[in-house]
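# Overview (structure and organization)
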Amino acid sequence: SANVAKDAAGELTVAGVPVSRIAAEHGTPAYVLDENDFRGRARAFRDGFAGWDVYYAGKAFLCTAVARWVAEEGLCLDVCSEGELTVALRGGVDPARIGFHGNNKSVRALRRALEVGVGRIIVDSFHEIERLAELTAGAERRAPVMIRVTAGVEAHTHEYIATAHEDQKFGFSITSGDALEAARRVLAADGLELRGLHSHIGSQIFDSAGFEVAAKRVLALHARVAAELGHTMPETDLGGGFGIAYTTQDDPSTPAVLATEMRAIVEHECRGLGIAVPHLSIEPGRAIVGPSTFTLYEVGTVKEVALDGGARRTYVSVDGGMSDNIRTALYDADYSCTLASRASDAAPELARVVGHHCEAGDIVVKDEFLPADVAPGDLLAVPATGAYCRSMASNYNHALRPPVIAVRDGESRVVVRRETFDDLLATDVGGSEE
Ligand code: LLP
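Keep in mind the model is a prediction, meaning the values are calculated, not measured.

### Here's the deal with the sheet that holds strand 1 (residues 4-6)
One open sheet holds the 3 strands; their spatial order is 1-2-3, and the pairing between them is antiparallel. Every other strand in the sheet has two partners, leaving strand 1 and strand 3 (17-18) as the edge strands with one partner each. Sheet topology places strand 1 next to strand 2 (residues 12-14); 3 bridges connect them, and they run antiparallel. What sits directly across from K6, in strand 2, is L12.

Okay, here's the thing in structure tokens:
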């Protein structure tokens, strides 16, 4: 994150707080979230995309403090479950500024969203349109709906996080005609108001070519709905997915550059189609929260292993692992790592940072050069863990999920506390023998 520095003794400080103090006060592992960095990125999107709405994608990471920051910085919020909706409301977000996603929202969640009056519900199946039509029949206020479409784009990212090709579960296909049919059915429902189309092509994307193709197809469908169904939809959402730097190999664009590119694409397409430019929105998650956070671990053991051909690999075991960062195991994601608690003159050595879980795939950082004298008690920092780490954390091996510690102006405070064994056992009710 932006406000990280090494002090004279080689110790990492973040927003003026040394990591040894964070470890002493809050324990490890811990997610360390730089509040001003988060707010700065939120503002950079808001200002870069001025005139558009920026929905922070809460799935990347959400807690009530973050929901509040998002609202304070003038962003809207994208939620994709009743749980996220609950946190957003508890954080004081105006329901009218919440968008509700999901390919299989429960009836209960839909009812709740309607009750509180979310700003838009993004529908993703014919069954859902039918359900919503029933739930809103005869209602006083029509429910604002957007249609999630599949733009048919092959985004260059991991298969599990690419979402705009045809053969996956999200969206109505534009090419098959389903998307147009969805628009027809929403328009036919008295309780629903068709606000626009929504496209999200995937995540951790660096090349704007995918957004360009998606925007073309989505806007062409806007024009078709107007021409064939006589309804001009006022809005379009082009989704999130903007890539961040996990290692020095990655070179992401700034929000300002992205905004310039996307504005040009949209204006060009609308001119070509002869339609007015709709009100636009985007949904960045990772690009706002990802770089704001690092995970602080303590080293427990160090082991050298002989590889075929005589080489050796150092395994550095930390007190967390795949339960607090599943992304390396799940997506083969790359992370970097740094010795955070002290300086070292020792020669750099190729190391692998692993967790304490009971499986060999429990890797946090596949390959990193760490000083050869890294030893038990050292603190390691793994940057860029703000997105999809705490939010995808598990209790595997009955691990306690780490806290989120917010740092600002030389102070640290807990925004999500560490779990306790009592938290874990609270759901373990003992079964029928009691
Ligand atoms: N909007 C929609 C409809 C989405 O499905 C997503 C992410 C976003 C916005 C935000 O995308 P972002 O800007 O954060 O890339 N767990 C995976 C990422 C899954 C993304 C799911 N949808 C990972 O750890 O890489």
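### A look at the nonpolar core
One finds V32, L77, I147, L296 and L380 to be the most contacted residues of the largest nonpolar core, which totals 116 residues. A per-element tally of this core places helix 8 (residues 209-229) first, with 7 residues. A domain split of this core shows at least three residues from each of domain 1 (4-32 + 291-426) and domain 2 (36-288). Here I147 is in contact with V123, F172, A179, A182, A183, V186, L197 and H198, once residues within four sequence places are set aside.

### Observations concerning the site of the ligand
Around the ligand, a shell composed of 22 residues is seen, among which A57, S203, G240, G285 and Y388 lie nearest. Along the lines of polarity and charge, the residues of the shell around the ligand split into 9 nonpolar, 8 polar and 5 charged. Summarising the domain contributions, the shell around the ligand has at least three residues from each of domain 1 (4-32 + 291-426) and domain 2 (36-288).

### Quick word on the pairing of strand 4 (residues 30-34)
In terms of residue burial, strand 4 counts as a mostly covered element, since 5 of its 5 residues are buried. Side chains of strand 4 alternate between two faces, with A30, V32 and D34 and Y31 and L33 buried alike. For strand 4 and strand 14 (residues 293-306), the ladder comprises 4 bridges, and the chain directions are antiparallel. Across the sheet, V32 pairs through a bridge with F294, a residue of strand 14. Two elements, strand 4 and strand 20 (residues 404-408), share 4 bridges in a ladder whose sense is parallel. Among the inter-strand pairings, V32 is bridged to a residue of strand 20, identified as I405.

### Points about the pairing of strand 19 (residues 379-383)
In terms of burial, strand 19 is a largely internal element, 5 of the 5 residues being buried. In strand 19, alternate side chains face the same way, and those of L379, A381 and P383 on one face and L380 and V382 on the other are all buried. For strand 14 and strand 19, the ladder comprises 5 bridges, and the chain directions are antiparallel. If you follow F294 over to strand 19, its bridge partner there is P383. Here strand 16 (residues 338-339) runs beside strand 19; their pairing, made up of 2 bridges, is antiparallel.

### Points about helix 5 (residues 107-116)
Every α-helix carries 3.6 residues per turn, so stepping three or four residues along brings you back to the same face. Looking at helix 5, one finds that the buried residues are A109, L110 and A113. What you see down the axis of helix 5 is that its buried residues fit within an arc of 100°, all on one side. Seen from the buried face of helix 5, the exposed residues on the opposite side, beyond 90 degrees, are V107, R108 and E115. Each element contacted by the buried residues of helix 5 is listed here: helix 4 (82-90), strand 7 (98-100), strand 8 (120-123) and helix 6 (126-136). Following helix 5 by one or two positions, G117 adopts a phi angle in the positive range, close to 80°.

### Things to note about helix 1 (residues 19-26)
Those residues of helix 1 that sit buried are V19, I22, A23 and H26. Projected onto a plane normal to the axis of helix 1, the buried residues spread over an arc of 100° and lie on a single side. Where helix 1 terminates, the next one or two residues include G27, which has phi positive at roughly 80°.

Parameters at a glance
- Residues numbered from 1 in each chain as written.
- Predicted model: local features only at pLDDT ≥ 70, side-chain atom pairs only at ≥ 80, totals over all residues.
- Pairing = 2+ DSSP bridges.
- Helix = DSSP H or I, 4+ residues; strand = E, 2+ residues; numbered from the N terminus.
- Core = buried A, V, L, I, M, F, W, Y, C linked by C-beta atoms within 7 Å.
- Buried ≥ 20, exposed ≤ 12 C-beta atoms within 10 Å, placed from the backbone.
- Domains from an automatic or database assignment.
- Contact = placed C-beta atoms within 7 Å.
- Near = placed C-beta within 6 Å.
- Nonpolar A, V, L, I, M, F, W, Y, C, P; charged D, E, K, R; others polar.
- Arc of directions from axis to C-beta.

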